[in-house]
Each structure stands twice: as structure tokens, then as C-alpha cells.
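# A closer look at the structure
These are the residues of each chain, in order.
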Amino acid sequence: MEQIDNNTIKTDSKPEQTPRGRLAKAAQIISDTFMPLLIPVYCMAIAMWITPLQVLPERTRIGATLGVAIITTAIPMALLLLLMRAGRISDVCLSRRRERTLPMGISIFAFAGAAVYLGMLHAPLWLLSFFCGAAVAVFVAILINLRWKISAHAIGIGGMAGMMLWLTAAGLASVNAMIWLTAIIIAGGLVGSSRLVLERHTLAQVFAGWLWGCVCVFSLMCIF
């Protein structure tokens, strides 16, 4: 009987990952890192550590940021998981346009809750206005989403750019303002590119989302 060399049989071998696969994986990591539910926490951290609010005790800054994280990230994420379990949404990324209205509505209440929470902490009006601007941006996005799938990721990172632009213009960004602004704009490009690579949005949907988020937040912060 012919003897079979087991060394020539690799039953557990895995196919090499293609460049397209690696690109998609990198795009997913970027998309998850800058998911809309995390943007308010990043913005809160910016406000606490690179503006005059940095003079507050570190314990106070950390506590306020964690409070915002619970209100705008942890609670909405828990509700999204419940909606997914109930079959109301297919995934937490809200890939289907018709499933986005209720989750985006939850975000509006979360932003409003964060504004109330910060008001109770006697936070400056400009910080409250950021969350008001974010709520308005999402509200209009819900209306647009009835007909067109505008990018929520782009709205989020655009809102962060709008906040940083206002802080820079107002002279409140006390630590390397232009470096931070440039980094956030570059991050916006990476986020937009990741949504295109993952084929979740068109270029127009990404660009419109970023522009609307930036203009809405910047305008509200200027008004207040």
C-alpha cells in the first residue's frame, strides 16, 4: 500500500489575506474607533484637557467625562442591543436606512441628557452648546434619512471638527490648537474613506454628513 506523507497535507492551513481584505479590516477598525456613540466622549475629553477647564482637579474632569460616557455611549448602546435582540434593528451599525430613526432619536435624548447633566455641574455655556448642536444635527439627519442615507459617522466626526474649529477661533484651545484641528480633519478623512471602503455610503453621503455636522455644531456654538 502506498504510504501517504502527512507532512504534505495541511488541513489547518488558512488562505493568505488579500490586500482588499486587509484594507477592509483597517477600515472597520477606523469606523469602530470613531463610531458616532463615542464622539461625544472624545469631545468631552478635548474640552476637559485642552481648554481652560484643564485647571479643574483631575478627579473632577475624569468624573464629568465618565458621566457623559454613561449618558451618551453606555446607555444608548445598551438600548441598541435591546432593539437588536427584539428584532427592531439588524445590527448596531444601523446599516439599513429604515432602521435608523428610533436609534438616532435615542441619540438626541442622550445629547439632551448630557447637556442637562453638564448644566447641573455648572459647565460653561459653550460646552452645553456643543451638545445642543449635536442634537440639532442628528434631528435634521433623521429627516434627511427618510429619503437619503446620510452618513452618521461623518456627522459625528464633522461635529468634532466644528467644535475644535470654534475652540481655535475663540482662543480657548490652549494646547497646540492647530495641531489638534489638523489631526481631527485628517481623522475625518480617514473615517469618510473607511465608510467608502466598507461600501456603507457614497462619497456624497459622507461629504454631506461631515459638512452638516461641522457647520451645525460650529454655528450653534457661535450663537450661544
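Whatever comes next refers back to the structure up there.
This one's a predicted model, so the numbers in the text were calculated from it and none came from an experiment. (Residues numbered from 1 in each chain as written. Predicted model: local features only at pLDDT ≥ 70, side-chain atom pairs only at ≥ 80, totals over all residues. Heavy atoms only, no water.)

Burial within helix H2 (residues 39-49) is extensive, with eight of its eleven residues counted as buried. Listing the buried residues of H2 in full gives Ile39, Pro40, Val41, Cys43, Met44, Ile46, Ala47 and Met48. Summarising the contacts, the buried residues of H2 are in contact with helix H3 (58-85), helix H4 (101-120), helix H5 (125-145), helix H6 (152-170) and helix H7 (177-197). (Buried < 20%, exposed > 50% of the residue type's maximum accessible area, 1.4 Å probe, protein only. Helix = DSSP H or I, 4+ residues; strand = E, 2+ residues; numbered from the N terminus. Contact = heavy atoms within 4.5 Å.)

Turning our eyes to something else, we now look at the pattern of salt bridges. Applying the stated criterion to the full structure yields one salt bridge. Between Arg96 and Glu99 there is a salt bridge whose closest N-O contact spans 3.6 Å. (Salt bridge = Lys/Arg side-chain N within 4 Å of Asp/Glu carboxyl O.)

To continue, consider the packing of H6 against H7. Running from N to C, H6 and H7 cross one another at 170°; their axes reach a closest spacing of 9 Å. For the element pair H6 / H7, the angle class is roughly antiparallel. Contacts between H6 and H7 involve His153, Ile157, Met160, Ala161, Met164, Leu165 and Thr168 from the first element and Ala177, Met178, Trp180, Leu181, Ile184, Ala187, Gly188, Val191 and Arg195 from the second. Looking at the contact of H6 with H7, its residues break down into twelve nonpolar, three polar and one charged. (Axes fitted to C-alpha atoms, helices over the stretch in contact; angles between N-to-C directions. Parallel < 35°, antiparallel > 145°, perpendicular 65-115°, else oblique. Nonpolar A, V, L, I, M, F, W, Y, C, P; charged D, E, K, R; others polar.)

Here we come to the layout of surface pockets. A volume near 500 Å³ is recorded for the largest pocket. Lining the largest pocket are 33 residues; nearest its centre among them are Met35, Pro36, Leu37, Ser107 and Ala152. Those elements giving two or more residues to the lining of the largest pocket turn out to be helix H1 (19-33), H2, H3, H4, H5, H6 and helix H8 (203-223). Put simply, the second largest pocket is a space of about 170 Å³. (1 Å grid on protein atoms, 1.4 Å probe; cavity = no way out; pocket = protein on both sides within 12 Å on 5 of 7 lines; lining within 4 Å. Points joined across faces, edges and corners; volume = space filled by probe spheres on them.)

We now examine the nonpolar core. In summary, soluble globular proteins display a tendency toward joint burial of nonpolar side chains. Counting 49 residues, the largest nonpolar core has Leu118, Trp126, Leu127, Phe131, Met163, Met164 and Leu167 as the members making the most contacts within it. Elements represented by at least two residues in this core include exactly H2, H3, H4, H5, H6, H7 and H8. Of the residues forming this core, the biggest block, eleven residues, is contributed by H5. If sequence neighbours within four positions are ignored, Phe131 has contacts with Pro40, Val68, Thr72, Phe111, Ala114, Ala115 and Leu118. Of all hydrophobic cores here, the second largest spans seven residues; its members include Met35, Leu37, Ile89 and Leu94. (Core = buried A, V, L, I, M, F, W, Y, C linked by side-chain atoms within 4.5 Å.)

We now examine the environment of Leu128. Within the secondary structure, Leu128 sits in helix H5. Under the relative-accessibility criterion, Leu128 is labelled buried at 17%. Among residues more than four places away in sequence, those in contact with Leu128 are Ala115, Leu118, Gly119 and Ala123.

Let us now look at the packing of H7 against H8. As a packed pair, H7 and H8 sit with axes 9 Å apart at the nearest point and diverge in direction by 150°. Classed by the angle they form, the pair H7 and H8 counts as roughly antiparallel. Helix-helix and strand crossings are classified by hand; for H7 and H8 the assignment is right-handed. Residue-level inspection shows Gly188, Gly192, Arg195 and Leu196 of H7 in contact with H8, the latter providing Leu203, Val206 and Trp210. Considered class by class, the residues forming the contact of H7 with H8 number four nonpolar, two polar and one charged. (Left-handed = near helix turned anticlockwise from the far one by under 90°.)

There is a patch of nonpolar side chains on the surface, built from Ile70, Ile75, Leu79 and Leu82 and spanning about 360 Å² of accessible area. One can find Ile70 in helix H3. (Patch = residues over 30% accessible without salt bridge, like charges linked within 9 Å, V, L, I, M, F, W, Y side chains within 5 Å. Areas by Shrake-Rupley, 256 points an atom, 1.4 Å probe, with all protein chains shown as cover.)

At Leu94, a position not held by glycine, the phi torsion is positive, near 55°. Structurally, Leu94 is set in the loop between H3 and H4. You will see that His122, though not glycine, has its phi angle at about 60°, which is positive. Relative to the elements of secondary structure, His122 occurs in the loop between H4 and H5. Taking the relative accessible area as the measure of exposure, His122 reaches 71% and is therefore exposed.

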